Amino acid sequence: MKGRYWIDTWGCQMNEHDSEKMAGVLEGLGYLPAASREEADVLLLNTCAVREKAEEKVYAALGQIEGLKRRRPELIVGVTGCVAQMAGDALLQRAPWLDLVLGPRAEGRLPDLLARAAERRGIVDTTLYQDGLFPPGQPVRRDPARVKAYVTVMEGCNKTCTYCIVPRTRGREVSRPLADVLEEVRRLAGEGYREVEFLGQNVNAYRCPATRAGLADLLRGAAAISGIERIRFTTSHPLHLRPPIIQAMAELPQVCDHLHLPVQSGSSRILAAMRRGYDRELYLARVAALREAVPGISLSTDVIVGFPGEGEAEFEETLSLLETVRFDQVYSFVYSPRPGTPAAGLPDDVPRGVKIERLMRLQALQRRIQLESNARLVGRTVEVLVEGPSRRDAAEWAGRTTSNRVVNFPGAGVRPGDRVAVTITAAGPNSLRGEVAPRRAAARS
Ligand code: SAH
Ligand code: SF4
Ligand code: F3S
């Protein structure tokens, strides 16, 4: 054994999966997981820069770790992910004791850099490597308690949303060959995974570099692999959600009845200022097409409130869009200016108090909508893929419907990975409760 590693992870699913990849690389080198930061010989902070708050968490963690490093100078500390990419050398100015600063696309170089870190501290690599991003057979250390496996299908983002730091931290879009992705899915099915989630910041734009096959082909290929019962993909951009993808979703029973489709705002003027590439009408048209092809599909979204120049009437257009679409989940954020993005240069005339008040109003409305839609499920029997013990009550199980709703239920003889028919008995805004149905008569919901 080389020593022990610990990785703290912030941010999106892509970052979570990058941590799984780095853990795989470290275990391949002979490191074992540590039980805590204090026990680690290699300590990585895999960071997110999407909003100022996310970035502040990293600096707070660095403050805590400095003491550890002082007591044990041989400890190797690295910052990886989006803050590493954004801040680069500046991180070393703030924390000169850091050993490694690695951008998301340089994480594959971890073995090399770790070897060098022993002699030379303070290595920064923020190269946006285009090649060798997804070496076939790359070791990945997935959480064995998870029933779902993440699979990267593309990296980067070519969009130019004016508020967003991601294109800068993740670089230009690069897709992985379709054959490699399917090979990984086959391997995962062999390991017993029932559910895969394809990851990309703009996953609808997936294009196999060898065959030019798109996301629809990838979905068909994965659905043909026996053992794979559920397929999800994230994140979808409304503009790229084209008919072939919708068609594949409608045809393939393995593709889940849920889509995360970030809208950001309900106002066409604000959407133009955000440079999202669609307006309110186009978004609603995409939702209508989707619902026609996949009746009952569940939708979730992201919303930014208080974008510079957002007036009360424009904010109300977002509220009315939420009422119209009736999402099952909304992730809402107060706009946070990101250094170097075009929106950061805009005069921001929306007072902080107003932004927060809008966020509260939006969340209250969404809570009501979710309660109403979940209440309609009481009495229905749904198929639940069991994930593990419930967070609230370890004597109960928690799992998800294909529509991504969390269901808690008691049950003997149930194991993670089972698909169980559960009759819903109670509904809250964020989860459902139920009982195992006497017969296996699950409806898809
Ligand atoms: N690729 C995805 C989302 C990436 S970031 C997409 O295009 O939808 C995840 C979410 O964070 C975004 O959908 C957006 O709602 C939010 N976000 C991004 N930048 C932000 C900023 N500067 N301030 C507040 N929220 C932001
Ligand atoms: Fe950011 Fe827009 Fe790309 Fe999403 S599509 S990652 S919001 S630039
Ligand atoms: Fe955050 Fe980077 Fe993901 S900024 S949301 S970790 S792509």
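These figures come from a predicted structure and were not determined experimentally. (Residues numbered from 1 in each chain as written. Chains lettered and ligands numbered in written order. Predicted model: local features only at pLDDT ≥ 70, side-chain atom pairs only at ≥ 80, totals over all residues. Heavy atoms only, no water.)

## Focus: the pairing of strand S19 (residues 431–436)
(1) Moving on: Bridge count between strand S17 (residues 406–409) and S19: 3 bridges; the pairing is parallel. Looking at S19, one finds that Val-407 is bridged to Leu-432.
(2) Moving on: As paired strands, strand S18 (residues 419–427) and S19 are joined by 5 bridges and run antiparallel to one another. Paired with Ile-424 across the two strands is Gly-434, which belongs to S19.
(3) Moving on: Where S18 folds back onto S19 in an antiparallel hairpin, the turn is made up of 3 residues. (Pairing = 2+ DSSP bridges. Helix = DSSP H or I, 4+ residues; strand = E, 2+ residues; numbered from the N terminus.)

## Thoughts on the site of ligand 2
(1) Moving on: Around ligand 2 lies a shell formed by Cys-157, Lys-159, Cys-161, Tyr-163, Cys-164, Val-166, Pro-167, Gln-201, His-237 and Arg-276.
(2) Moving on: Residue composition of the shell around ligand 2, grouped by class: 6 nonpolar, 2 polar and 2 charged. (Near = heavy atom within 4 Å. Nonpolar A, V, L, I, M, F, W, Y, C, P; charged D, E, K, R; others polar.)

## What to know about the nonpolar core
(1) Moving on: Ranked by size, the top nonpolar core spans 70 residues in total, and within it Phe-198 and Phe-233 carry the most contacts.
(2) Moving on: Membership of the second largest hydrophobic core comes to 29 residues, among which are Trp-10, Ala-54, Ala-61 and Cys-82. (Core = buried A, V, L, I, M, F, W, Y, C linked by side-chain atoms within 4.5 Å. Buried < 20%, exposed > 50% of the residue type's maximum accessible area, 1.4 Å probe, protein only.)

## Description of the pairing of strand S4 (residues 76–81)
(1) Moving on: Counting buried positions along S4 yields 6 of 6 residues, so the element is predominantly enclosed.
(2) Moving on: Sheet topology places strand S3 (residues 42–47) next to S4; 6 bridges connect them, and they run parallel. Paired with Leu-45 across the strands is Val-79, a residue of S4.
(3) Moving on: Note on the crossover from S3 through helix H2 (residues 52–71) to S4: the handedness is right-handed.
(4) Moving on: Two strands pair when backbone bridges link them, and S4 and strand S5 (residues 100–102) are joined in this way by 3 bridges, in the parallel orientation. By the bridge assignment, Val-79 is partnered in S5 with Val-101. (Right-handed = clockwise from strand over helix to strand, strands pointing away.)

## Here's the deal with the packing of helix H1 (residues 13–28) against helix H5 (residues 110–117)
(1) Moving on: At their nearest, the axes of H1 and H5 sit 10 Å apart, and the two run at 55 degrees to each other. Classified by the interaxial angle, the pair formed by H1 and H5 is oblique. Crossing of H1 against H5: the hand is right-handed. Touching Met-22, Val-25 and Leu-26 of H1 are Leu-110, Pro-111 and Leu-114, all from H5.
(2) Moving on: Across the contact of H1 with H5, the residue classes break down as 6 nonpolar, no polar and no charged. (Axes fitted to C-alpha atoms, helices over the stretch in contact; angles between N-to-C directions. Parallel < 35°, antiparallel > 145°, perpendicular 65-115°, else oblique. Left-handed = near helix turned anticlockwise from the far one by under 90°. Contact = heavy atoms within 4.5 Å.)

## Some words on unusual backbone geometry
(1) Moving on: Across the junction of Thr-234 and Thr-235, the peptide omega takes the value 5 degrees, indicating a cis bond.
(2) Moving on: Within the secondary structure, Thr-235 sits in the loop between strand S11 (230–234) and helix H9 (243–251).
(3) Moving on: Unlike most non-glycine residues, Gln-264 shows phi in positive territory, near 75 degrees.
(4) Moving on: Secondary-structure assignment places Gln-264 in the loop between strand S12 (258–260) and helix H10 (268–273).
(5) Moving on: Of note, Arg-275 is a non-glycine position whose phi angle comes to about 55 degrees, a positive value.
(6) Moving on: When you line up the elements, Arg-275 lands in the loop between H10 and helix H11 (280–293).
(7) Moving on: Using a relative accessible area of 45% as the deciding quantity, one classes Arg-275 as partly exposed.

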